[in-house]
Amino acid sequence: MAASSTTDNLDLASRAREVADSAPAGSLRRAAAGSVAVTCATTRTVDQARSVLDGVTPDDVRQAALALLDDLIVE
């Protein structure tokens with residue numbers, strides 16, 4: 001399933017923000033979810049979000065963010 005509209009990205013951003021808020025401060029999950037939340041809130045499509053997340057550093061945050069985005073799309 002692929003989200004393609006702005007509304008879908010905003011929904012993904014909202015859900016990612018919930019994940020970030022529930023993750024422990026300083027955790028990889030919180031950093032990844034925060035990256036997904038901001039990225040989805042500022043892009044129009046999942047493909048655009050994925051492209052932006054490909055540039056996230058460090059590598060472990062990038063990988064976790066892309067994995068979280070995939071998980072949120074499936075939910």
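Just so you know, these numbers come straight off a predicted model, no measurement behind them.

About the criteria used
Residues numbered from 1 in each chain as written. Predicted model: local features only at pLDDT ≥ 70, side-chain atom pairs only at ≥ 80, totals over all residues. Heavy atoms only, no water. Helix = DSSP H or I, 4+ residues; strand = E, 2+ residues; numbered from the N terminus. Polar contact = N/O pair within 3.5 Å; in protein donor to acceptor, adjacent residues only side chain to side chain. Contact = heavy atoms within 4.5 Å. Buried < 20%, exposed > 50% of the residue type's maximum accessible area, 1.4 Å probe, protein only. pLDDT = per-residue confidence, 0-100. Core = buried A, V, L, I, M, F, W, Y, C linked by side-chain atoms within 4.5 Å.

Take the side chain of T39 next. Summarising the element assignment, T39 is placed in helix α2 (residues 28–41). Of the polar contacts made by the side chain of T39, one reaches the backbone oxygen of S35; its length is 2.7 Å. In this structure T39 touches A49, V52 and L53, once residues within four positions along its chain are discounted.

Inspection of the secondary structure puts A20 in helix α1 (residues 6–22). On the basis of relative accessible area, A20 is assigned to the buried category, the value being 0%. Residues A20 and S35, spaced 15 residues apart in sequence, show a C-alpha to C-alpha distance of 9.1 Å. When residues no more than four places from it in sequence are discounted, the contact partners of A20 are R30, A33 and G34.

Here the protein averages 92 in pLDDT, and 91% of its residues register 70 or above. Per-element mean pLDDT across the protein ranges from 93 in α1 up to 98 in α2.

Before going further, it helps to examine the nonpolar core. L12, V36, C40, L53, L68, L69 and L72 are the most contacted members of the largest nonpolar core, which totals 21 residues. Going through the elements one at a time, α1, α2, α3 (46–53) and α4 (59–74) are the ones with two or more residues in this core. If one sorts the elements of this core by residue count, α4 sits on top with seven residues. The residues touching L68, leaving out its near neighbours within four places in the chain, are V19, R29, A32, A33 and V36.

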